[in-house]
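# What the coordinates show
If you want the building blocks of each chain, they are given just below.
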Amino acid sequence: FRFETIHRHALFDQVFRRRLLEDRDTLENKLFAMMNDSSSQEAGAVLAGQWHTRWFTTAAASNIHYRRFAHYDRYWKRLNRIDGIA
């Protein structure tokens, strides 16, 4: 559920989603540069793992704000509660 926590948070928080996508683009550029420099794949995996851990921690530490009367939001709120995400 680590990926789900981040994805579901990004569904409802535009600022979070924008920062996530910008940071993802930066990470991808670093990883591509590492590939071009014949750097170790292990170093890239560590960098990607650190990035994911940072975003998972950020998503898990913040609350998702649902619209009260929106059916779509109520569905995700219920599913997140069942899955123990929020």
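Report follows, based on the coordinates.

## Some words on helix α2 (residues 14-36)
Under the 1.5 Å per step criterion, the end-to-end length of α2 is 33 Å for 23 residues, consistent within 8% with the ideal 33 Å. Next to the buried residues of α2 lie α1 (2-12) and α3 (41-61). The N-cap of α2, judged by a side-chain oxygen 3.2 Å from the amide nitrogen of Val15 a few residues on, is Asp13.

## Regarding α3
For α3, spanning 21 residues, the distance from its first C-alpha to its last is 30 Å, which sits close to the expected 30 Å at 1.5 Å a residue. All buried positions along α3 are accounted for by Gly44, Trp51, His52, Trp55 and Ala59. Along the long axis of α3, the arc covered by the buried residues comes to 95°, so they all point the same way. The outward face of α3, more than 90 degrees from its buried face, is lined by the exposed residues Glu42 and Ala61.

Thresholds, definitions, all that
- Residues numbered from 1 in each chain as written.
- Predicted model: local features only at pLDDT ≥ 70, side-chain atom pairs only at ≥ 80, totals over all residues.
- Heavy atoms only, no water.
- Helix = DSSP H or I, 4+ residues; strand = E, 2+ residues; numbered from the N terminus.
- Expected span 1.5 Å × (residues − 1).
- Contact = heavy atoms within 4.5 Å.
- Polar contact = N/O pair within 3.5 Å; in protein donor to acceptor, adjacent residues only side chain to side chain.
- Buried < 20%, exposed > 50% of the residue type's maximum accessible area, 1.4 Å probe, protein only.
- Arc of directions from axis to C-beta.

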